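Fold and contact review
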Amino acid sequence: MPPARKIKARPRVALALGGGAFHGAAHVGVLKALEENKIPIDLIVGTSAGSLVGALYCDNPDAEKLIPLVMEAKSSTVFDFSLIRSKIGFVSGKKLQKYVSDHCTSYDIEDTKIPFVAVATDLLEGKTVPLAAGPIAPSVNASCAIPVIFEPVKMYGMTLVDGGILDNIPADICRSYKADVVIAVDIMANIDSLESVDNFLKVLYKSLLLALGENKKAKLAFADIVITPDLRKMSMMSSKNNQQVFDSGYIAAQRMMPEIKKLLRSKGIPDN
C-alpha cells in the first residue's frame, strides 16, 4: 500500500481538479482567479491533468509562475510516443516524469508547500488509489496514465493507471479529509461537444468520457461548489488552444466568486 500523509490541520478549503488532457490549462486559470481573490487553498486533490497542475502548484503556489509552463506545453513536452515501444502502452511516461521533476523542487509529495494528493486507479484490483506521499513524479505519471496510451505504472505492488477511470472529479477524496469547503473544477463538462473523432486517440478518449459520465455525477455530489469552464470547440487532445482554455478557466472561476465568497463567510473562513 502507498504511504499515507498526515495533514497537520483540517483543511478549510480543498480543491478537486478533474482530468481532461490539455484542458488542464483551465485549472491554472481557476488557480489564478482564486489567488487574485485571496481564496485560501489548504489541499489539492488532482486526477490525471488535474494531478499534473496540482503537483506543480502545490510545490510552488504561484499561478503567475505556472502560467508560462502551461502556455508552452505541447504533446511533445510530456509524451515520448512510440508505436513499437511496448505491448501495453505507446508512451512510457519517462518524459512526463522528467517534466515534473524538472519543475518541482519537492521530490516527495509530502514535501509540497500545500498538501497534495494524486489520484490513480489500481487496474488489477479495480479501486481508486489516493497517492498522498512518496515520490511525486511517478505518482503524477500514474494518475495521468491513460490506458493503452501510457504504460501502467508499477508502484507499491500495484499496477496503476489514470485516476479518471474511477474518479475523474475527486471531490470525494477531498471530503475524506474533512474539508470545510470543497471546490471542484470540471474540465470535461462539455463532452457532448467534443470535436470529431478522427484518430484513435480521440476515439479512445470519447469512449472513456461516455463511460465515466454517470460516475462523475456521483463524485460531483461531494462538492460544495463546481466550476465548469466553457471549453466547447477547444481540442482536449491538442495544445493549440492553451490560451483560450486558460482564459475559460479564469472566467468561470471569476463568475463563481460571489458564491464562493458567500459560502466561505458562512463557514467563518476569512480571505487571506
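In the block above lies the structure referred to throughout.
Read on for an overview of the structure. (Residues numbered from 1 in each chain as written. Predicted model: local features only at pLDDT ≥ 70, side-chain atom pairs only at ≥ 80, totals over all residues. Heavy atoms only, no water.)

Re the overall build of the protein
Quick reminder of the rule: Runs of H or I in DSSP of at least four residues are treated as helices and runs of E of at least two as strands, each being numbered from the N terminus. Each residue is assigned to one of three classes by its accessible area relative to the maximum for its type, calculated with a 1.4 Å probe on protein chains only: buried under 20%, partly exposed between the two thresholds, exposed over 50%. Contacts were defined at the residue level, with two residues in contact if any of their heavy atoms lie within 4.5 Å. What sets the accessible areas is the Shrake-Rupley method with a 1.4 Å probe; for residues, cover comes only from the shown protein chains.
In terms of helices and strands, the protein carries 9 helices and 10 strands. For the protein, buried positions account for 57% of its 272 residues. Put simply, of all contacts in the protein between residues at least 6 apart along the chain, 77% involve residues at least 24 apart. Of the roughly 12000 Å² that the protein leaves accessible, carbon and sulfur atoms contribute 55%.

Digging into the nonpolar core
Basically, it comes down to this: Side-chain atoms within 4.5 Å link the members of a nonpolar core, which is a set of buried Ala, Val, Leu, Ile, Met, Phe, Trp, Tyr and Cys residues.
With 68 residues, the main nonpolar core has L15, I44, L66, I227 and I260 as its most contacted residues. Beyond its immediate chain neighbours, meaning those up to four positions away, I260 contacts L34, I39, I183, I225 and I227. Listed in part, the 16 residues of the second largest apolar core include A16, V45, V119 and V182.

Overview of helix α5 (residues 94-103)
Spelled out, the test is: Think of the arc as the fan of directions from the helix axis to the C-beta atoms.
Residues L96, Y99 and V100 constitute the buried set of α5. Seen from one end, α5 has its buried residues packed into an arc of 95°, which puts them on one side. Of the exposed residues in α5, those oriented more than 90 degrees away from the buried face are K94 and K98.

Side note on the packing of helix α2 (residues 49-59) against helix α6 (residues 136-144)
In a packed pair of helices, the relevant descriptors are the angle between the two axes and the axis-to-axis distance. In plain terms, the rule: Each axis is a line fitted through C-alpha atoms, and for a helix only the stretch in contact is used; angles between axes span 0 to 180 degrees, taken between their N-to-C directions. Angle categories: roughly parallel below 35 degrees, roughly antiparallel above 145, roughly perpendicular from 65 to 115, and oblique for all the rest. Each residue gets one label: Ala, Val, Leu, Ile, Met, Phe, Trp, Tyr, Cys and Pro are nonpolar, Asp, Glu, Lys and Arg are charged, and the others, such as Gly, are polar.
The geometry of α2 relative to α6 is characterised by a closest axis approach of 7 Å and an angle of 155° between their N-to-C directions. One way to sum up the angle between α2 and α6 is to call them roughly antiparallel. Residues A49, S51, L52 and A55 of α2 lie in contact with α6, whose contacting residues are I136, V140, S143 and C144. Taken together, the residues that form the contact of α2 with α6 break down as 6 nonpolar, 2 polar and no charged.

Looking at the packing of helix α1 (residues 25-36) against helix α3 (residues 63-72)
The following threshold applies: Here a crossing is taken to be left-handed if its near helix is turned anticlockwise relative to the far helix by less than a right angle, and right-handed if that turn runs clockwise.
With their axes 10 Å apart at the nearest point, α1 and α3 run at an angle of 165° to one another. With respect to each other, α1 and α3 are oriented roughly antiparallel. The two elements α1 and α3 meet at a crossing, and its hand is left-handed. Here A25, V28, L31, K32 and E35 of α1 come into contact with α3, specifically with A63, E64, L66, I67 and V70. Taken together, the residues of the contact of α1 with α3 break down into 7 nonpolar, no polar and 3 charged.

Some details on the pairing of strand β8 (residues 158-162)
Selection criterion: Only when DSSP finds a minimum of two bridges between them are two strands counted as paired.
Counting buried residues along β8, 5 of its 5 residues qualify, which places the element largely inside the surrounding structure. Here 3 bridges tie strand β4 (residues 116-122) to β8, and the two strands are oriented antiparallel to one another. Looking at β8, one finds that T121 is bridged to V161. Sheet topology places strand β7 (residues 153-155) next to β8; 3 bridges connect them, and they run antiparallel. Along β8, the bridge assignment pairs K154 with T159.

Section: the pairing of strand β2 (residues 43-47)
Among the 5 residues that make up β2, 5 are buried, leaving the element largely enclosed by the rest of the structure. Judged by which residues are buried, β2 turns out to be covered on both faces: L43, V45 and T47 on one side and I44 and G46 on the other are all buried. As judged from the 4 bridges shared by strand β1 (residues 13-17) and β2, these two strands associate in the parallel manner. Bridge pairing in β2 links A14 to L43.

Some details on the pattern of salt bridges
Stated precisely, the cut-off is as follows: A pair is scored as a salt bridge if a Lys or Arg side-chain nitrogen falls within 4 Å of a carboxyl oxygen belonging to Asp or Glu.
Within this structure, the stated rule accounts for 9 salt bridges. We note a salt bridge from K32 to E36, for which the minimum N-O separation is 3.8 Å. Here K32 pairs with E36, and both are found in helix α1, just 4 residues apart, close to one helical turn. A salt bridge links R175 to D224, with the nearest nitrogen and oxygen atoms 2.9 Å apart.

That is the geometry; function is a separate question.
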